[in-house]
Amino acid sequence: MPDQTQQQTVICQGGLANSENHLALSDGKEGVAARLVNYEVGEFGGYRRIEGFSYLNPTGNNNTAEDNSTVPGTGSILGVFVYRDLYDLADDVIAIRQVSGQSYYSIYKMRAGNTWLNISDGGKLNNQSSQNYRPTATGVNRVHITKFNDDEGNKICITDGVNPAVIYWNTTGGHNFQQIVSTGNTSSTDANAGAPQGSSGSNDGYGGDQAINKPKCSAFYKTSLYLGGDGSNDQPASVVAYSAASDIYDFSASGGAAQIPVDVDVVNMMPFRDDLYIFGRTGIKRIKQSGTDIIAENVTRNLGCVAPDSVVEIGGDLIFLAQDGFRPVAGTARIGDIELETLSKSIQSDLIHLSSTYDLDRMVSVVIPSKAQVRYFLNAATPTDISVADAPGFIGGLRTEDNTTGWEWGRIQGIQANCTDSGYIGNIEYIVHGDHAGKIYQQEIGSDFNGADITAIYETPYIDMGDPLVRKTIRKVDAFIRAEGTMTMGLTLDFDYGDPDLFRPADLSSITEGAISEFGRAGVTYVDDADDASIFLYGGQTKPVLSYQISGSGHSVQFRFISTGTFAPYSIQGLILKFTTSGKQ
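Residues numbered from 1 in each chain as written. Predicted model: local features only at pLDDT ≥ 70, side-chain atom pairs only at ≥ 80, totals over all residues. Heavy atoms only, no water.

Draft legend 1. How the structure looks around empty space enclosed by the protein. Per the stated rule, a full pass over the model turns up two cavities of 30 Å³ or more. Every residue lining the largest cavity is listed: Leu36, Tyr39, Glu40, Val41, Tyr47, Gln373, Ile395, Gly396, Gly397, Glu408, Trp409 and Gly410. When residues of the lining of the largest cavity are traced back to their parent elements, those giving at least two are β3 (39–41), β31 (392–398) and β32 (407–413). By volume, the second largest cavity amounts to about 50 Å³. Across the lining of the second largest cavity, the residue classes tally to eight nonpolar, two polar and no charged. (1 Å grid on protein atoms, 1.4 Å probe; cavity = no way out; pocket = protein on both sides within 12 Å on 5 of 7 lines; lining within 4 Å. Points joined across faces, edges and corners; volume = space filled by probe spheres on them. Helix = DSSP H or I, 4+ residues; strand = E, 2+ residues; numbered from the N terminus. Nonpolar A, V, L, I, M, F, W, Y, C, P; charged D, E, K, R; others polar.)

Set out below in structure tokens:
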């Protein structure tokens, strides 16, 4: 009946969905987002604005936090990782950066509260004490890290496609750097003190005749170390080498090591369940090992991995960026069978043009295990062409345990990362990233982007309230918010799919032109104390509601919620729209 107030409830879930038309989204999918920036899956439902980040190392040692978090050297941070030192029984953050005025990079350790210590100079290189590990930085944009424990200790394999693979770990003999080359041997007997090259002669370090000299990636599978994707012209990029069983330093054929042709240019590899998956740009293989038998099988020759660092394990699957979006390597009910269906159909329109705008070889990823969440950060071919404030990325999370129907996506803006890692320091989960200015940051901390405002945008699809041919007058919008502190929320409206010729009431004309008209309450504090007069009570529970009184009409309406500031996170959990109808036109 015309003029009778009606209402529609919108539950905020589903994530970014910009690959369907508004009519489809308005038919049972009103809670998805046409635009979603700096929001994540909320722990208690809805969309939660993400937390901030800040310098990793706080003020101390007579230095500022910025100075303490700046790794010595020049250029971008080439690698950063959290390392559990079993010898010192301590947790470290280790970073890699080119040395100022030099053509090589060094490796630095920072323990909480301390400054950066160069551990690659004066350490133990190839079994020789008091030597310098100085790999060339020329042509290295970022290093690849594999963490593993081979029952001897916690170790890190570092590869970059330019230098030989090196295994780092700390022992009673100090900081060890053990390079793997085809001219080396299992014990690095009479090893060269200098950085070995693949053609420089015998006894250059560890390894053997099956080793790849300049691998792009590595993996620890079963009891062997695997190297793949040779970055030089000396060896084919479509070959994977593995060490002898239970001896990561022995890459000799006589010791049981070998090379496996995989027929794809290897960009990354990762163990998953009982197999080792080899990702190429045009295909995917898996290596199966049973006893001493090792074979390579095709997974698919129809698609591959277009961003090497997009491969992550999360939610019981491997996720990677293929030519048509993010896909999982998921086991099915059939033994030995796998599933490669797309997880990102809802953001297809955002993904198909990535390669023409960004350098996907520079895409970096980090998993936040406690949230079942992955973040991808994008970079241009010249990273400094994108400002920190405009630095883009994607955020994906699981709202349910079903990773087929439960994946939700959004955009990230304002975090510039060239490398990332996650791990535990003590009992605290650390999410760290290094930028292009040589600084290390900790994510998931604070309520600002290292002092800068966090801008978050949630934009609904156009909602027609059940009939796109009936004109409605919007009277009120109630936004159900789970606030974690003081916050400010703004609201913008648009009608009828952005029709520029649509007549609108005078008081909403600024909205139709794209300007932000803010309705609502600024600086409202929500607390847990029920005696506080500023709290909102609904049904006896603390459920803050932001109410927006509105006067505007159209056949469909779109709501855009915007917050900009340094306040604590909050969740938008749902909306109640109150409107009247004016009959069909």
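The rest of the description comes next.
Draft legend 2. Examining the pairing of strand β23 (residues 284–290) more closely. By the bridge criterion, five bridges tie strand β22 (residues 275–280) to β23 in an arrangement that is antiparallel. Bridging from a neighbouring strand, Tyr277 pairs with Arg286 of β23. Taking the residues between adjacent antiparallel strands as the criterion, β22 and β23 are bridged by three residues. Here β23 runs beside strand β24 (residues 293–300); their pairing, made up of seven bridges, is antiparallel. Bridge pairing in β24 links Lys288 to Ile295. Remark: two residues form the turn of the hairpin made by β23 and β24, two consecutive strands paired antiparallel; Gly291 in that turn has positive phi of roughly 65 degrees. (Pairing = 2+ DSSP bridges.)

Draft legend 3. Molecular detail of unusual backbone geometry. Look at Leu89: it is not a glycine, yet its phi comes out positive at around 55 degrees. Residue position: Leu89 is located in the loop between β6 (74–85) and β7 (90–98). One non-glycine residue, Ser246, lies in positive phi territory at about 65 degrees. You can see Ser246 is positioned in the loop between β19 (239–242) and β20 (258–261). By relative accessible area, which is 63% here, Ser246 ends up exposed. (Buried < 20%, exposed > 50% of the residue type's maximum accessible area, 1.4 Å probe, protein only.)

Draft legend 4. Quick look at the sheet that holds strand β21 (residues 266–272). In space, the four strands of this open sheet follow the order β21-β22-β23-β24, with antiparallel pairing throughout. Looking along the sheet, the strands with just one partner apiece sit at the ends: β21 and β24. Taking the axes of each pair of neighbouring strands and ignoring which way they run, one obtains an average angle of 25 degrees across the sheet. Pairing analysis gives six bridges linking β21 to β22, with the strands arranged antiparallel. Looking at β22, one finds that Phe272 is bridged to Asp275. (Axes fitted to C-alpha atoms, helices over the stretch in contact; angles between N-to-C directions.)

Draft legend 5. Region of interest: the layout of surface pockets. Its boundaries defined by the atoms lining it, the largest pocket holds a volume of some 1300 Å³. What lines the largest pocket is a set of 45 residues, and nearest its centre among them are Val143, His144, Ile145, Asn268 and Asp309. By residue class, the composition of the lining of the largest pocket is 21 nonpolar, 13 polar and eleven charged.

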